[in-house]
Amino acid sequence: MGYIYVINQHDSGLPVGSIPLPEDTSTPVEPICFTAAGREPLFRTMKRIYQFLDSCKQSPSDTPILLSVDREASRIVNSYFYDMNDNEYKNFSIAEGEVKRYPLPKMHLP
């Protein structure tokens with residue numbers, strides 16, 4: 001099983017090389033940036049991020065994936081892994097520079 005690491009780096013100003021990842025990642029990981037684009041409707045941003053996460057589940061690699069996100073994208077990622085009501089969604093946030101880890105079980109395709 002692989003892992004998705006999510007960091008709220010857009011607000012933190014941390015350079016990419018200074019992102020502290022947990023001990024189970026032995027190789028440097030280049031971040032993939034997701035933001036809730038200015039005028040893009042929320043459902044399109046959500047669809048884009050959910051499709052990306054679905055594709056990660058289908059990948060045979062267990063290489064860790066680092067997502068650098070803004071506040072709205074962090075809510076979307078969390079809602080992918082956990083059922084959230086409107087209030088939980090609105091109040092969810094990842095602190096600046098915080099790394100949150102999500103297990104990424106692989107999908108078994110026929």
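Report on the accompanying structure.

So, about the overall build of the chain. When its secondary structure is counted, the chain shows three helices and four strands. When the helices and strands of the chain are placed in sequence order, the string is β-β-α-β-α-α-β. By residue count, 35% of the 110 residues in the chain fall in the buried class. Restricting to contacts in the chain with at least 6 residues of sequence separation, those with at least 24 account for 72%.

Attention now goes to the pairing of strand 1 (residues 2-7). Strand 1 sits mainly inside the fold: five of its six residues count as buried. Both strand 1 and strand 4 (residues 99-104) contribute to a ladder of six bridges, which runs antiparallel. Its bridge partner being in strand 4, I7 is matched across the sheet by V99. In this sheet, strand 3 (residues 65-69) lies alongside strand 1 in parallel orientation, the contact comprising four bridges. Considered in strand 3, the bridge of Y5 is made with L66.

Let us now look at the packing of aromatic side chains. Taken as a whole and assessed by the stated rule, the structure comprises four aromatic pairs. Measuring from ring centre to ring centre gives 5.0 Å for Y50 and Y80, while their planes differ by 75°; the resulting arrangement is edge-to-face. Note that Y50 is positioned in helix 1 (residues 42-58) and Y80 in helix 2 (residues 71-81), a separation of 30 residues in sequence. Of the residues examined, Y50 reaches a relative accessible area of 25% and is grouped as partly exposed. Summarising the aromatic geometry, the rings of F81 and Y102 are spaced 4.7 Å apart at their centres and angled 15° between planes, so their arrangement reads as stacked. Pair noted here: F81 is in helix 2 and Y102 is in strand 4, with a separation of 21 residues, a long-range link. By relative accessible area, F81 is classed as partly exposed at 21%. For Y102, a relative accessible area of 0% translates into the label buried.

Reading the values: rules and limits
- Residues numbered from 1 in each chain as written.
- Predicted model: local features only at pLDDT ≥ 70, side-chain atom pairs only at ≥ 80, totals over all residues.
- Heavy atoms only, no water.
- Helix = DSSP H or I, 4+ residues; strand = E, 2+ residues; numbered from the N terminus.
- Buried < 20%, exposed > 50% of the residue type's maximum accessible area, 1.4 Å probe, protein only.
- Contact = heavy atoms within 4.5 Å.
- Pairing = 2+ DSSP bridges.
- Phe/Tyr/Trp six-rings, centres within 6.5 Å; stacked < 30°, edge-to-face > 60°.

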